[in-house]
Amino acid sequence: MTTGYLWDEIFGWHDTGTGSLFPADPDVGHQPLNHVAHPDTKRRMHELVCVSGLIDHLTRIAPRPATQEQLRRVHTAEYIERIVRESAQPKGGDAGDGISPFGKGAHRIAALGAGSAIAMTEAVVSGAVDNGYALVNPAGHHALPETGLGFCIYNNVAIAAKHARAELGVERIAIVDWDVHHGNGAQAIFAEDPSVLTVSIHQDRCFPPDSGLIDERGTGPGEHYNINIPMPVGCGDGAYQYAAEAVIGPALHAYAPDLVLVASGFDPNAMDPLARQLVTTRGFVTLTRTVVEAARRSAGGRLVLLQEGGYSPIYVPFCGLATIQELAGVHVLDDPLLPVVGGMGGHDLEPHQKALVDRAAAFVADLR
Ligand SMILES: O=C(CCC1CCCC1)NO
Ligand SMILES: [Zn+2]
């Protein structure tokens, strides 16, 4: 098994400022604080991959900037122009919702992330590696054709999927989004496209507001090819394991994609400030095992994971390490926090959690 890995130091230079989540404002008490999406969390994950020795089991894939044509498969020219323009300003700008600030040069960094998603996808589809993890920054899964949103500038996973369909001869793609926030971008971009199955498991109505409801199932020819699993707050490893066994695995088996892409956010983790789930490294191992097995069954193992959210600088590195270990089939380090986060309760499957997952499981029968 060869697993590709991609990181570039410039991802650690994405400047999200000191607005924490809102601009510092002494008049209302907002003190300056690193933005929750500060790149340090992802940089720490990369450093743990290196210091743990896991990097020695991985094949380094070179980052590459997305071309204008590749960005334009998803985003409008006007939007890209605005990002390019604001990125040239000394003070940078915002992706589009007022809480996604970026510094000077953000377009170059975000375009490198999107192009790196393509580079990893090409490496996997060509067989250079069996599967891969691209630790890109900023995240992308909320970005829409005409605007960024929720810290996302360019929709990396959608850009990679469009490229695989247009340039790599891939017919059927499944996008699994396990970031704790709804994968609204891919859902919208592929809403009418049955050649791309989108599955999002997320905390119910956390972000974007009122997005990712269970009855959002695709439209027109794409109807039934979007599955949302809006998990109630407080879901731990047991609930996520049941969702993987009852929905994610069966949906991928029924759809039989030629390539599996994962929007890999670690913000379901039990120590994350931007959601209220209880997932530990055990949960991410279960999710990873599920997509590895699905890709083995129908896609020749072709599987690409792209970094999305995750805001606990303490725990995200270990969640990422556990995920990449499972992807690569190696084990270099246990999760030292598991006795803490795994011993605080909340990991048994609860009846209300099972009931929600069972509602989503019923949709698998509609997949062809
Ligand atoms: O991790 C994210 C960003 C979510 C935040 C955006 C504003 C409040 C929650 N999306 O996946
Ligand atoms: Zn998120």
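Please read these numbers as outputs of a predicted model, since none were measured by experiment.

1. What about the coordination of the zinc ion (ligand 2)?
Looking at the metal site, the zinc ion (ligand 2) is ligated by Asp179 (OD), Asp179 (OD), His181 (ND1) and Asp267 (OD), spaced 2.0 to 2.7 Å from it. Written as a sequence motif, the donor arrangement for the zinc ion (ligand 2) is D-x1-H-x85-D. Note that Asp179 is positioned in the loop between strand E6 (173–177) and helix H6 (184–189) and Asp267 in the loop between strand E9 (259–264) and helix H8 (281–298), a separation of 88 residues in sequence.

2. Overview of the confidence of the model for the chain
Caution applies to low-pLDDT parts of the model: their predicted coordinates are not meant to be read in detail. For the chain, the average pLDDT comes to 98, and 100% of its residues sit at 70 or higher. Note on the complex model: pTM 0.99, ipTM 0.99.

3. Focus on the packing of aromatic side chains
For any pair of aromatic rings, the description consists of the separation of the ring centres together with the inter-plane angle of the planes. The full count for this structure, using the stated rule, is six aromatic pairs. Between Tyr79 and Tyr154, the aromatic rings sit 6.1 Å apart at their centres with planes inclined by 80°, giving edge-to-face as the arrangement. Here Tyr154 lies in the loop between strand E5 (131–134) and helix H5 (156–167) and Tyr79 lies in helix H3 (residues 77–87), a separation of 75 residues in the sequence. The pair Tyr79 / Tyr154 is uniform in exposure class, with both members buried. Every member of this aromatic cluster is reached through a ring pair, and the members are Tyr133, Phe266 and Phe284. Directly above the ring of Tyr255 sits Arg172, whose terminal nitrogen or CZ lies 4.0 Å from the centroid. Across the ring face of Phe363, the terminal group of Arg217 is positioned such that the distance to the ring centre comes to 3.7 Å.

4. Some points on the site of ligand 1
Every residue near ligand 1 is listed here: Ile99, His141, His142, Gly150, Phe151, Asp179, His181, Phe207, Asp267, Leu274 and Tyr311. Contacts to ligand 1 include His141, whose side-chain N or O atom sits 2.5 Å from an oxygen atom. Contact with the protein chains covers 92% of the free accessible surface of ligand 1, which is 320 Å². Residues of the shell around ligand 1, tallied by class, amount to five nonpolar, four polar and two charged.

5. Things to note about unusual backbone geometry
A cis amide bond links Asn137 with the next residue in sequence, Pro138, at an omega value of 5°. Examined against the element boundaries, Pro138 turns out to sit in the loop between E5 and H5. Its identity as a non-glycine residue notwithstanding, Asp210 has a phi of 55°, on the positive side. Its place among the elements puts Asp210 in the loop between strand E7 (196–203) and strand E8 (226–231). Of note in the backbone geometry, His224 takes a positive phi value of approximately 85° without being a glycine. For His224, the location among the structural elements is in the loop between E7 and E8.

6. Observations regarding the environment of Ser195
Position of Ser195 among the secondary structure elements: in the loop between H6 and E7. The exposure class of Ser195 is buried, given its relative accessible area of 12%. Sequence separation of Ser195 and Ala88 is 107 residues, and the distance between their C-alpha atoms is 37 Å. Look past the residues within four positions of Ser195 in its chain and what remains in contact with it is Arg165, Glu171, Arg172, Ile173 and Tyr255. At 2.8 Å, the side chain of Ser195 and the side chain of Arg165 are in polar contact.

7. Considerations on the sheet that holds strand E1 (residues 3–6)
Hydrogen bonds between backbone atoms are what pair the strands of a sheet, whose relative direction is either parallel or antiparallel. The strand order across the open sheet formed by eight strands is E2-E1-E5-E10-E9-E6-E7-E8, and the pairing between neighbours is parallel. The sheet is open, and its two edges are formed by strand E2 (58–60) and E8, each paired on a single side. Mean inter-strand twist for the sheet, computed between neighbouring axes without regard to direction, equals 15°. Across five bridges, E6 lies against E7 in parallel orientation. Directly across from Ile175, in E7, lies its bridge partner Thr198. Packed onto the sheet, helix H7 (residues 237–255) meets E6, E7 and E8 and runs at close to 175° relative to E7.

What counts as what
- Residues numbered from 1 in each chain as written.
- Chains lettered and ligands numbered in written order.
- Predicted model: local features only at pLDDT ≥ 70, side-chain atom pairs only at ≥ 80, totals over all residues.
- Heavy atoms only, no water.
- Donors = N, O, S within 2.8 Å, 3.2 Å for Na, K, Ca; no water.
- Helix = DSSP H or I, 4+ residues; strand = E, 2+ residues; numbered from the N terminus.
- pLDDT = per-residue confidence, 0-100.
- Phe/Tyr/Trp six-rings, centres within 6.5 Å; stacked < 30°, edge-to-face > 60°.
- Buried < 20%, exposed > 50% of the residue type's maximum accessible area, 1.4 Å probe, protein only.
- Lys NZ or Arg CZ within 6 Å of the ring centre and 35° of its normal.
- Near = heavy atom within 4 Å.
- Polar contact = N/O pair within 3.5 Å; in protein donor to acceptor, adjacent residues only side chain to side chain.
- Areas by Shrake-Rupley, 256 points an atom, 1.4 Å probe, with all protein chains shown as cover.
- Nonpolar A, V, L, I, M, F, W, Y, C, P; charged D, E, K, R; others polar.
- Contact = heavy atoms within 4.5 Å.
- Pairing = 2+ DSSP bridges.
- Axes fitted to C-alpha atoms, helices over the stretch in contact; angles between N-to-C directions.

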